[in-house]
Amino acid sequence: MSSPDSRDAALVLSGGGINGVLLELGFLKRLRETSFWPRVGWIYGTSAGALSGTMAALDRLDDLETFLFSLRADDVFRPRRMWQLPLGGLHDYTLPKTIAERIGDPDALGADLAASEIELVVFATDVSEHLDDDGTQHFELAYASHSVDPETMGRAILASAAVSALVFPIRIGDVIATDGGWVRNFPLEHAAANRSVKAIAAFRYLSSYEPTDVAFLQRLRARLERFRAVPPVRALLAELRLAEERARRGEPAHYPELIIRLMRVAIARNTVLEERLADERDTSMLELHRLREEVIGAAVASAPQRRRRRLEIELRELFSDAHFPFRHDHRISRLVVRATPGEEGFDPTFRGEWSDESKRALIERGYRLTDEELARNPELLEVARLG
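Read on for an overview of the structure. The structure presented is a predicted model; accordingly, all values stated were derived computationally and were not measured.

1. So, the overall build of the chain
Inference 1: Along the chain, the regular secondary structure elements total 14 helices and 10 strands.
Inference 2: Considering only contacts within the chain whose residues lie at least 6 apart along the sequence, 75% involve residues at least 24 apart.
Inference 3: For the chain, the computed accessible surface area is about 20000 Å², with 53% contributed by carbon and sulfur atoms.

2. Description of a nonpolar patch on the surface
Inference 1: On the surface, Tyr255, Leu258 and Leu262 cluster together into a nonpolar patch covering about 320 Å² of accessible area.
Inference 2: Residue placement: Tyr255 occurs in helix H11 (residues 255–302).
Inference 3: The class for Tyr255 is exposed, based on a relative accessible area of 59%.

3. A word on helix H13 (residues 356–376)
Inference 1: With 21 residues, H13 should cover 30 Å at 1.5 Å per step; its first-to-last C-alpha distance of 30 Å lies within 8% of that length.
Inference 2: Three or more residues of H13 are buried, namely Ser358, Lys359, Leu362, Ile363, Gly366, Leu369, Thr370, Glu373 and Leu374. One face of H13 carries all of its buried residues, which in axial projection span an arc of 155°. Residues of H13 that are exposed and point more than 90 degrees away from the buried face comprise Glu357, Ala375 and Arg376.

4. Focus on the packing of aromatic side chains
Inference 1: If you walk through the whole model with that rule in mind, you get 2 aromatic pairs.
Inference 2: Look at Phe27 and Phe203: their rings are 5.7 Å apart centre to centre, the planes differ by 55°, and that puts the pair in the tilted class. Here Phe27, found in helix H1 (residues 17–32), pairs with Phe203, found in strand S9 (residues 199–205); they are 176 residues apart in sequence, far enough to count as distant.

5. Some points on the pattern of salt bridges
Inference 1: Counted under the stated rule, the structure contains 30 salt bridges.
Inference 2: A salt bridge links Arg184 to Glu140; the nearest nitrogen and oxygen atoms lie 2.6 Å apart. Taken together, the positions of Arg184 in helix H7 (residues 181–184) and Glu140 in strand S6 (residues 140–144) put the pair 44 residues apart, joining distant regions of the chain. An identical accessibility class is assigned to Arg184 and Glu140; each is buried.

What counts, and where the lines are drawn
- Residues numbered from 1 in each chain as written.
- Predicted model: local features only at pLDDT ≥ 70, side-chain atom pairs only at ≥ 80, totals over all residues.
- Heavy atoms only, no water.
- Helix = DSSP H or I, 4+ residues; strand = E, 2+ residues; numbered from the N terminus.
- Contact = heavy atoms within 4.5 Å.
- Areas by Shrake-Rupley, 256 points an atom, 1.4 Å probe, with all protein chains shown as cover.
- Patch = residues over 30% accessible without salt bridge, like charges linked within 9 Å, V, L, I, M, F, W, Y side chains within 5 Å.
- Salt bridge = Lys/Arg side-chain N within 4 Å of Asp/Glu carboxyl O.
- Buried < 20%, exposed > 50% of the residue type's maximum accessible area, 1.4 Å probe, protein only.
- Expected span 1.5 Å × (residues − 1).
- Arc of directions from axis to C-beta.
- Phe/Tyr/Trp six-rings, centres within 6.5 Å; stacked < 30°, edge-to-face > 60°.

And the structure:
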């Protein structure tokens, strides 16, 4: 077992649905084989990353693999009947029951996380009513397993994975929470802001979506044609034809699809900005370090000999006391594995069959991409060995 002082690395796991969690399992399995793994002290995860991060923090990756191979679409989100009004969401959220039955009760998972050497931090989106909003509300909810009670942590993990385009949100104490992807799909910045973190290994899921399948609209229209003499059915048939025409033009066929498209935009954009912010912070830090050394060097060189030592100390203290948006000025070694599901990917709206062959291919893809990224970035493992 590693000592607490030796844990100076973090994992960052993005959202990504069923494809994401399978790819992340491959990512985690490859990292577990390296000298980096014993140094992990924190895992930051959203949505799919909250689930895979939970099992990684508990050292239960084998259990996660067993769970994923048993998982079917209806075990996560079960589509509601066609005759049901969409007032309760498009799907029933069945994942909490599935997790309780096959992995463990969420409260028990929260208790195990509280006792783990690795701290898990998960993210959700606050969709509570904010009647007195003062303009500073950022709608991000962060739950750390070493700080919140086990019951809250268990519900936070489930809320983080509650895809809000499909299901209703979850109550956590006094707030209403849903999929964290809306505000923090790739929580890289939180890991970088941790003063104790010297290295980060991150997985970022890259979404890919097939064009809208209008076959179900066509099937529905064919079934309703026999009742076209009924005025309301005639009106519905006209709406279905309009939906098919919109789909052929590349437009959202119906309102739920519009919501899903907007969700994709929001998640993709905040993910890109997260990584861009990290890159800009690193560049700023390096430039600040260069500028500091040049300024100090020039000032000391131009000062009288007797003043040089004291002047250098004063200038370094001045720079040290300066406040910048980033909390430290040491370089954080960072590796980011970016992965698409490829041809083996499952429908992101949880339709269709999930074959074991495709699941195995996605896990292997995540493993292979991580292995390739480690080969390109040996510095990460050097940090682990020297840390």
